[in-house]
Structures are given as structure tokens and as C-alpha cells.
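Observations on the three-dimensional arrangement
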Amino acid sequence: QVQLVESGGGLVQAGGSLRLSCAASSRSFSGYLMGWFRQAPGKEREVVARITSSSSTYYASSVKGRFTISRDDAKNTVYLQMSSLKPEDTAVYYCAQYSGGNSYSPGSYNYWGQGTQVTVSS
């Protein structure tokens, strides 16, 4: 069983920054693609960014240029640095470990963290 624990969420003003962390208990964390997703009230969960085992990255168009995903395999941790935050970034943010299939789809991830709330005020 893999445990993922997110931290770093909070309340920030528009234009501000936050860094989310996700600590994983995976024995072979370095070999896994990891993703960050978010879900706003009344909306479907959507991919924000994902990073492969070789640190190749993908970003949703809505966050490209503002968010940066990274990983530290020595610490079994994946990060999401969020800058120039907008009110529309308000959501619960989840990290997840990929299991196979379409890496942009939540259904392709089998382990999830509990989520961390990010609220951006205008």
C-alpha cells in the first residue's frame, strides 16, 4: 500500500505563490510517473501537471508558465510550485501515482493523497 501525503496548501492573495509537497511511501518512487490534479467545487478533477521518472514534464494550458512540477527522488517527494496565482486556481489539490494508461486521466492513477486546499482571494 502506498501512502501519499500532501502539504503546503492555504489561503493566498491573487498574484501570490505557494509550494505544495507530496511525500510518498513508495519503495520504488523514482520509477513512477507522478501527477498533480485539482478539483474545484462542482467541477471534475483535472490534471494540472505531471512528471515522469526521467523528469519530463507536462502542464495544463491553464497553468503553463505559472506552475512548476519537480521531484526529489532522494526524499520520495514531488513538488508543485505555484506562482501568479489566480482566483480560478482555487481548488483541492491532489497528488497521485500513475498506474498505466492515459497519464492525463485521473482513472490512470491508483494511489491518491488526501488533498490540500488552495484558496486564492481576489
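Below you will find a few notes about this structure. Just so it is clear, the model here is predicted, and its values are computed rather than measured.

Focus: the overall build of the chain
- The secondary structure content of the chain amounts to zero helices and eleven strands.
- Counting from the amino terminus, the chain carries its helices and strands in the arrangement β-β-β-β-β-β-β-β-β-β-β.
- For a compact globule of 122 residues, the expected C-alpha radius of gyration is about 14 Å, and the chain comes in at 13 Å, within 12% of that figure.
- Structurally, the chain occupies a C-alpha span of about 40 × 30 × 25 Å along its principal axes.
- Classification of the 122 residues of the chain by burial places 43% in the buried group.
- Long-range pairs, those at least 24 residues apart, make up 56% of the contacts in the chain with a sequence separation of at least 6.

Considering the pattern of salt bridges
- On inspection of all chains with the given rule, the structure shows four salt bridges.
- Across the pair Glu46 and Arg38 runs a salt bridge whose closest N-O atoms are separated by 2.8 Å.
- Judged by relative accessible area, Arg38 falls into the buried class, the value being 7%.
- For Arg71, the salt bridge goes to Asp73, with nearest N and O atoms at 2.9 Å.

Overview of the packing of aromatic side chains
- What the rule picks out here adds up to six aromatic pairs.
- Taking the centre distance of 6.2 Å and the plane angle of 80° together, the rings of Tyr94 and Trp112 count as edge-to-face. Here the residue Tyr94 occupies a position in strand E9 (residues 91-98), and Trp112 occupies one in strand E10 (residues 109-112), the gap between them amounting to 18 residues.
- By the ring-pair criterion, three or more aromatic residues cluster together here, those being Phe37, Tyr94, Tyr98, Tyr109 and Trp112.
- Over the ring of Phe29 we find Arg71; its NZ or CZ atom is 4.7 Å from the centre of that ring.

What about the pairing of strand E4 (residues 34-39)?
- In terms of burial, E4 is largely enclosed, as five of its six residues are buried.
- Bridge count for E4 against strand E5 (residues 46-51) is five bridges, and the pairing is antiparallel. Residue pairing across strands places Trp36 opposite Ala49, the latter belonging to E5.
- Taken together, E4 and the strand that follows it, E5, pair antiparallel across an intervening segment of six residues, in which Gly42 is found at a positive phi of about 75°.

Quick word on unusual backbone geometry
- A positive phi angle, near 70°, is found at Ser55, a position not held by glycine.
- On the secondary structure map, Ser55 appears in the loop between E5 and strand E6 (57-59).
- What makes Ser55 partly exposed here is its relative accessible area of 41%.
- Look at Asn76: it is not a glycine, yet its phi comes out positive at around 50°.
- Residue placement: Asn76 occurs in the loop between strand E7 (67-72) and strand E8 (77-82).

Some words on the sheet that holds E7
- With antiparallel pairing, four strands are arranged side by side in an open sheet as E1-E3-E8-E7. Edge strands, defined here as strands with exactly one partner in the open sheet, are strand E1 (4-7) and E7. The mean inter-strand angle of the sheet, taken between neighbouring strand axes irrespective of direction, is 15°.
- Pairing of strand E3 (residues 18-24) with E8, which is carried by six bridges, proceeds in the antiparallel orientation. The partner of Leu18 across the bridge, within E8, is Met82.

Conventions we followed
- Per chain, residues are indexed from 1 in the order of the written sequence.
- It should be noted that, the model being predicted, local features are given only for residues of pLDDT at least 70 and side-chain atom pairs only at 80 or more, the latter also being counted only at that level, while totals for whole chains, interfaces and linings use all residues.
- Neither water nor hydrogens contribute to the side-chain values; these are computed over all heavy atoms in the structure.
- By definition, any uninterrupted DSSP run of H or I lasting at least four residues is a helix, any uninterrupted run of E lasting at least two residues is a strand, and each is numbered from the N terminus.
- Between the two quantities, the radius of gyration covers C-alpha atoms and the globule rule is 2.2 Å times the number of residues to the power 0.38.
- Buried, partly exposed and exposed residues are distinguished by accessible area as a fraction of the type maximum, computed with a 1.4 Å probe on protein chains only: under 20%, between the cut-offs, and over 50%, respectively.
- Should any heavy atoms of two residues lie within 4.5 Å, those residues are counted as being in contact.
- By salt bridge we mean one thing: a side-chain nitrogen of Lys or Arg within 4 Å of a carboxyl oxygen of Asp or Glu.
- Stacked, tilted and edge-to-face are the three classes assigned to paired rings of Phe, Tyr and Trp, where Trp is represented by its six-membered ring and a pair needs centres within 6.5 Å; plane angles under 30 degrees give stacked, over 60 edge-to-face, the rest tilted.
- Charges are assigned to positions over rings by a cutoff of 6 Å between ring centre and Lys NZ or Arg CZ, combined with an angular limit of 35 degrees from the ring normal.
- Think of it this way: DSSP has to see at least two bridges between two strands before they count as a pair.
- Orientation is described by lines fitted to C-alpha atoms, with helices fitted over the stretch in contact, and by angles between N-to-C directions that extend from 0 to 180 degrees.

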